[in-house]
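Letter by letter, the chains look like this.
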Amino acid sequence: MIISNSTTWTQGFNFPGGSANSFTNAAGASTTFAGYLGLAGKVMLVNNGTMSLGSGMSAIAAGSTLQNGAGSTFDLTGDFVNQGTVMQQGALTISNNFTNSGTITGPPALPRSTIRAGNYTVNSGNFGADGSYLNFCDAGAPSTGFDSRGGTIGSNVTFCGAAPLPVTLTSFTAQLRQGQVQLRWTTASELGNEKFVLERSATGAGFAAIGEVAGQGTVPTASSYAFLDAQPLPGRSYYRLRQLDLDGNSTLSPVVSVSREQAPVQLYPNPTDGLLTLDLRSLPAAACPVRLLSLAGQVQLAQTLLGGQLQPLSLRAVPAGSYLLEINAAAPGCSVQRVVKY
C-alpha cells in the first residue's frame, strides 16, 4: 500500500506489517492523524510538510522508518515509542512520554535538528550515534537530556540547558622569543569550530585582528595551535582569541599579555683588551647593526651582526679609551652601553 498526500489528510493511520508500505506527506501538505499512529514492520512514513497527531499514541516498530525531512514539522500529542528508525531533519515535538530503543539520526552537519519532549523520556537505543547533529530538549530533565539515559548518545548531540561549548580551551599563553611573541593554545575538544582570530591591543581594550588559524571542525580529542607575532607592539602587548563557530557564533578567550621591554644587551668582558662578546639572544635572528662611537659621537667602528645568538666583536683596531657601543639603533630594542678598552 502506498499513500501520498499533497493537500490535507485528516484521518487515523495504522499500517500493518509484512509488506513494504509507505505514507508520504509532501512539502506544503498537511496531515492530521485523528488517533493512534502505528507503523508495523517495513513501513516508511515520510514527512516533508506539516504533520500532527491529535491524541493517542505513536509507535514505530522495528524495521519501520519515520523520515522527518528538512523544514518539516511533526507535532505529537501523546506518547511516542520508537523501536525502528527515525531520520530526523526537521522539528519533532512530543507532548508526553518519549521512549527510544531503536535508532534516531539527525543532519550530517550543522545546524542541528531538534526533538522536544514534555514528560518522561527514556533512551536505550542509538541517539545520534552516527555522529549526526541532534538537539534534544526534555522539559522535565533539561540538564541531563533524558530521565533515563542509556544506550549510545553521539558526541554531536546537545541538550537544552546543557549544551556543551563549541570549543573547550584548556590553555592560552604568550611568550617573548628573540623580539617576537609566540602565542600557543590548546583545546580539549572542538565542536563545529571554523577558526581562531588572533586579536591584539596596546592597552587591553580596543583589540584588532592580526591573524587567523583554522580550527579542526569537530574533534573529540585535544588539539594544539601556535601563532607568531613577528612584529609585536613596543612595550606591552595584550592578546586574546576570538573563536568562530561554523554557525557564525563567536567566543572570546581570556586576555594574556607580554612585555617587549628588554634588558640591555649583555656584553663582556668590560673593560676589554680588544675582544668583546655580545649576547644578542634576546633579539630577532635578523641583521643587527652595531656601531662603536666616541664620547663625542664619532663613528669608530660599524658592523652588521646576526641577532639571536652570541657574537664576537673585535675592538683591536681602535685606540684605548672609553666608547659608546650602539646596538640595533633603528629597532625598539636599541641598546647603548659604555665600553672601556685598555
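Please refer to the structure higher up on the page.
Now for a look at the structure at hand. Everything numeric here is computed off the predicted structure, so don't read it as measured data. (Residues numbered from 1 in each chain as written. Predicted model: local features only at pLDDT ≥ 70, side-chain atom pairs only at ≥ 80, totals over all residues. Heavy atoms only, no water.)

Quick look at the overall build of the protein now. A tally of helices and strands in the protein yields zero helices and 37 strands. Of all 342 residues assigned to the protein, the portion counted as buried reaches 42%. By sequence separation, contacts in the protein at least 24 residues apart represent 42% of the contacts at least 6 residues apart. Put simply, the protein shows about 15,700 Å² of open surface, and 52% of that area lies on carbon and sulfur atoms. (Helix = DSSP H or I, 4+ residues; strand = E, 2+ residues; numbered from the N terminus. Buried < 20%, exposed > 50% of the residue type's maximum accessible area, 1.4 Å probe, protein only. Contact = heavy atoms within 4.5 Å. Areas by Shrake-Rupley, 256 points an atom, 1.4 Å probe, with all protein chains shown as cover.)

What follows concerns the pattern of salt bridges. Tallying each qualifying case throughout the model produces six salt bridges. As a salt-bridge pair, Glu-212 and Lys-195 come within 3.3 Å of each other at their nearest N and O atoms. Taken together, the residues Glu-212 in strand S26 (residues 208–219) and Lys-195 in strand S25 (residues 180–201) connect sequence positions 17 residues apart. The exposure class of Glu-212 is exposed, given its relative accessible area of 51%. Relative accessible area serves as the criterion here: at 19%, Lys-195 is assigned to the buried category. (Salt bridge = Lys/Arg side-chain N within 4 Å of Asp/Glu carboxyl O.)

Turning to the packing of aromatic side chains, a few remarks are in order. If you walk through the whole model with that rule in mind, you get ten aromatic pairs. Each ring, one from Phe-127 and one from Phe-136, has its centre 5.5 Å from the other, and the planes form 75°; the classification is edge-to-face. The exposure classification of Phe-127 matches that of Phe-136, with both residues buried. Look at Trp-185 and Phe-196: their rings are 5.5 Å apart centre to centre, the planes differ by 70°, and that puts the pair in the edge-to-face class. The exposure classification of Trp-185 matches that of Phe-196, with both residues buried. Within the aromatic cluster, the residues linked to one another by ring pairs are Phe-80, Phe-98, Phe-127, Phe-136, Phe-146 and Phe-159. (Phe/Tyr/Trp six-rings, centres within 6.5 Å; stacked < 30°, edge-to-face > 60°.)

So, about empty space enclosed by the protein. Across all of its chains, the model carries one cavity of 30 Å³ or more by this definition. Taken as a whole, the largest cavity holds about 50 Å³ of empty space. Lining the largest cavity, in full, are Leu-37, Leu-39, Leu-45, Ser-58, Ala-59, Ile-60, Leu-66, Phe-74, Leu-76 and Phe-80. Of all the elements in the fold, those that place two or more residues in the lining of the largest cavity are strand S6 (37–39), strand S9 (57–60) and strand S11 (73–76). In terms of residues, the lining of the largest cavity owes the most to one element, S9, which gives three residues. When the residues that make up the lining of the largest cavity are grouped by side-chain class, the tally is nine nonpolar, one polar and no charged. (1 Å grid on protein atoms, 1.4 Å probe; cavity = no way out; pocket = protein on both sides within 12 Å on 5 of 7 lines; lining within 4 Å. Points joined across faces, edges and corners; volume = space filled by probe spheres on them. Nonpolar A, V, L, I, M, F, W, Y, C, P; charged D, E, K, R; others polar.)

For sheets, the rule is that strands pair by backbone hydrogen bonds, running either parallel or antiparallel. Read across the open sheet, the four strands follow the order S34-S33-S36-S37; overall the sheet is antiparallel. The sheet is open, and its two borders are formed by strand S34 (299–306) and strand S37 (335–341), each paired with just one other strand. The sheet shows a mean angle of 25° between the axes of neighbouring strands, taken without regard to direction. Bridge analysis of strand S33 (residues 287–294) against strand S36 (residues 321–327) gives five bridges, and the strand direction is antiparallel. When the sheet's bridge partners are listed, Val-290 is paired in S36 with Ile-327. (Pairing = 2+ DSSP bridges. Axes fitted to C-alpha atoms, helices over the stretch in contact; angles between N-to-C directions.)

Bridge count for strand S24 (residues 167–177) against S25 is ten bridges, and the pairing is antiparallel. Across the sheet, the residue bridging to Thr-173 is Arg-184, located in S25. The hairpin formed by S24 and S25 contains two residues between the paired strands, and Gln-178 there has a positive phi angle of roughly 55°.

Here we come to the side chain of Ser-253. With respect to the element layout, Ser-253 can be found in the loop between strand S29 (250–252) and strand S30 (256–259). There is a polar contact of 2.8 Å between the side chain of Ser-253 and the backbone nitrogen of Leu-241. (Polar contact = N/O pair within 3.5 Å; in protein donor to acceptor, adjacent residues only side chain to side chain.)

We now examine the sheet that holds strand S35 (residues 310–314). Spatially, three strands are ordered S31-S32-S35 in an open sheet, and the strand pairing comes out antiparallel. Two strands in the sheet have a free side with no partner beyond their single neighbour: strand S31 (266–268) and S35. Mean inter-strand twist for the sheet, computed between neighbouring axes without regard to direction, equals 25°. Pairing between strand S32 (residues 275–279) and S35: five bridges, direction antiparallel. Directly across from Leu-276, in S35, lies its bridge partner Leu-313.

So, on to unusual backbone geometry. A cis geometry characterises the amide bond from Leu-110 onward to Pro-111, with omega recorded as 5°. Position of Pro-111 among the secondary structure elements: in the loop between strand S16 (103–105) and strand S17 (113–117). The omega torsion across Tyr-268 and Pro-269 is -10°, close enough to zero to call that bond cis. With respect to the helices and strands, Pro-269 occurs in the loop between S31 and S32.

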